[in-house]
Amino acid sequence: MSTSFNPIQGQTNQVQMNQPFTLREGQVFHGTIKQLYPDQMAEVQVGGNKFVAKLEVPLKAGDAHFFQVTSTGAQTELKVVTGPMGQSTPMNQQIQQLLQTMNLPKSAEMQQVMGHFLKEQLPISREQLLAAEAWMKNLPEGVSKQDALGAMQKMVELKMPFTQNVFHALTVGAKTDGMSTSIQQFMQQLSTSTTVNDQMKANLMQTLQTIQKPLEGEIGATIVAKATETLFNPNESQANKLQMLNLLKDAGILPKSANLSNWQQVQQSTQAQQPITNQMLAGQVVSQIALTKPAQVPQMVQQVQNWLQNNELLSNNQKAELSQLIQRFTQLPQTPQTIEVFAKQFQEQLMKAFSQQQQTAMFSQDGNGLASKEQLLSLLRPEFQPQMLDGMLRNVVKLGQETQQPYVQSQVTQADAAVQAQVDSKAMEQAMKNVLRSLGVSYESALANKAGDIQALAQSLKPQLLALIQDAQVPPALRDSAEMLMARLNGMQLLSGENGHQHQLVMQVPLDFFGKRMDATLQWNGRMREDGKIDPSYARVLFYLNMESMEETVVDMQVQNRIVTINVFNDSPGIGLLAEPLKQRLKAGLSEKDYHLSGVFVKPFEREVKATVAPKQDDVPTSGVDYRI
């Protein structure tokens, strides 16, 4: 079963109402003559809009006609397409007369399109009608005709280009499931392709792996933390230490020359000495300590103490132990030898501290957005750069899963279990951010505003898909899969937007947690304050989730004056009982953010049959099943 979401109630009408009413030559619409003026000028009403136009022939006030725009120059000029029609004229008769007058095919698809635009009182041109008919005859898999008509309506209302690419993006982008499947199919086709450039294939596969397994980096970091603890453990066997050492070397975290006696090397910076700042990674701090001259020790010590106290990742006990180490150092004679020993001891203590933090608080971040894994890798890897992190950690997991070494296998299993045990709201937030960043949904905006790391932006999925689609050597089947993914990414942008103070944001996030796949779609509607910032007191958020056990679930969260009401729609029995123990935690969490939980209500989906606009013919469906929320 495939479902798609509609705009939050009232959003479409609001957008249409606030858009300036404009007409283009060739468009046809149903209008009523409200008032006549000299020189064949008249006031014409179309839906809730009125405008003055010049008529080709004299008409009578109060009559309704189909008009076609013949000119939009200094004044709008209209010609009558059909004779006067009253409110009692059957819709089917109006459609048939209009199709005949405009010399349009009377196919079921054309009648559906025409009927929809008549009902919505929207202007549309003959060329648009012909294009819409062709699209209706070749809808993408899983896209209903009602979804297609809604997409066309949005294209006209928001004055989007009436092209197949935009239509495809809106229809495919509105689906709330199937994105994980699309990614999986694309990966399979990409992996077996022999015509795609090797480097392009490798980059794409790495990005797709990041999207599919957003927490794999945490597993890799936890394996590294366990390896570090093993190497420092005096009670661990040499054989086990050697297994973990070789894993770190094979993954490129430790140099190939590392052995059990020299693996902990203080990094020697190739740059000139710099002041130690709070933004520095732990490895950089140790390097600066090693570069310190005896006369500079007092200044260095003060900088290290400031860095230590401002580090939000370390516990108070860990800070106390490190402070004691600093204090002992200051009581010694300041020589190059004592500085070297202090640098190594400080490095060792930091390695142990961040290894512990990675296993107990792996989803915590400091004020600079850094986590324990970045700090730990900076201490282990010479010249560590943050952009290396993800590839290195995923490589650790891959090598750990492929190895036949029993001790390594046990550590990988323990690391996986440790990450599972700590998955919480922070983990979900981090996973979603990782996926959205890797998808590249804001690629064009970031590029235009020169925001973020351009090199990192280029490694996101969207620009890589674009390069693949433009490659003439790519086989048609793979290009089709790439275009399907691109349409879904573009659909998010087209369905998002601002309308005065009202904003709508749509995000689709394919998630994979420990073998459990889930497609999550978030639709947020809110308003902006006068200062241009989001008003946190009022919002409505819809979550569309497709989960392995609970299947289709919709969470409707409404925020009014910081009072939160949540409705959960799901057909599984017993969901209400499972949710009951979680309500107090939710209430407490919202209270910490200055929100008040009004209530959580679990309800089944209510299905209703809705009549369509199309005329009743054997080959034209006249009803369908929809979800009402």
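Structure first, text after, so check above.
This is a predicted model, so every value here is computed, not measured.

Draft legend 1. Representation of the overall build of the chain within the structure. Scanning the chain from terminus to terminus reveals 24 helices and 15 strands. Taking as baseline every contact in the chain between residues at least 6 positions apart, the subset at least 24 positions apart corresponds to 59%. Within the structure as shown, the chain displays about 31200 Å² of accessible surface, and the carbon and sulfur contribution to it stands at 49%.

Draft legend 2. Local environment of the packing of helix α8 (residues 198-212) against helix α18 (residues 425-439). It is at 8 Å that the axes of α8 and α18 come closest, and there the two elements cross at 150 degrees. In terms of their interaxial angle, α8 and α18 are classed as roughly antiparallel. For the pair α8 and α18, the crossing hand works out as left-handed. For the pair α8 and α18, contact is made by Thr207, Thr210 and Ile211 and by Val435, Ser438 and Leu439, respectively. Residue classes in the contact of α8 with α18 are distributed as three nonpolar, three polar and no charged.

Draft legend 3. View of the nonpolar core. Membership of the largest hydrophobic core comes to 108 residues, with the highest contact counts inside it found for Phe186, Phe346 and Leu350. The contact partners of Leu350, leaving out residues within four places of it in the chain, are Ala282, Val286, Trp307, Leu314, Leu322 and Leu379. Membership of the second largest hydrophobic core comes to 33 residues, among which are Ile95, Met152, Val156 and Val506.

Draft legend 4. Region of interest: the pattern of salt bridges. Tallied over the entire structure, the rule returns 13 salt bridges. As a salt-bridge pair, Arg562 and Asp594 come within 3.6 Å of each other at their nearest N and O atoms. Note that Arg562 is positioned in the loop between β11 (551-560) and β12 (563-569) and Asp594 in the loop between α24 (583-592) and β13 (596-603), a separation of 32 residues in sequence. A single salt-bridge network, built from bridges that share partners, covers Glu216, Asp390 and Arg394.

Draft legend 5. Up close: the pairing of strand β9 (residues 516-528). Within β9, 10 of the 13 residues are buried, which leaves it mostly tucked inside the rest of the structure. Bridge count between strand β8 (residues 502-513) and β9: 12 bridges; the pairing is antiparallel. Residue pairing in the sheet places Met507 in a bridge with Leu522 of β9. Bridge count between β9 and strand β10 (residues 534-547): nine bridges; the pairing is antiparallel.

Cut-offs and rules
Residues numbered from 1 in each chain as written. Predicted model: local features only at pLDDT ≥ 70, side-chain atom pairs only at ≥ 80, totals over all residues. Heavy atoms only, no water. Helix = DSSP H or I, 4+ residues; strand = E, 2+ residues; numbered from the N terminus. Contact = heavy atoms within 4.5 Å. Areas by Shrake-Rupley, 256 points an atom, 1.4 Å probe, with all protein chains shown as cover. Axes fitted to C-alpha atoms, helices over the stretch in contact; angles between N-to-C directions. Parallel < 35°, antiparallel > 145°, perpendicular 65-115°, else oblique. Left-handed = near helix turned anticlockwise from the far one by under 90°. Nonpolar A, V, L, I, M, F, W, Y, C, P; charged D, E, K, R; others polar. Core = buried A, V, L, I, M, F, W, Y, C linked by side-chain atoms within 4.5 Å. Buried < 20%, exposed > 50% of the residue type's maximum accessible area, 1.4 Å probe, protein only. Salt bridge = Lys/Arg side-chain N within 4 Å of Asp/Glu carboxyl O. Pairing = 2+ DSSP bridges.

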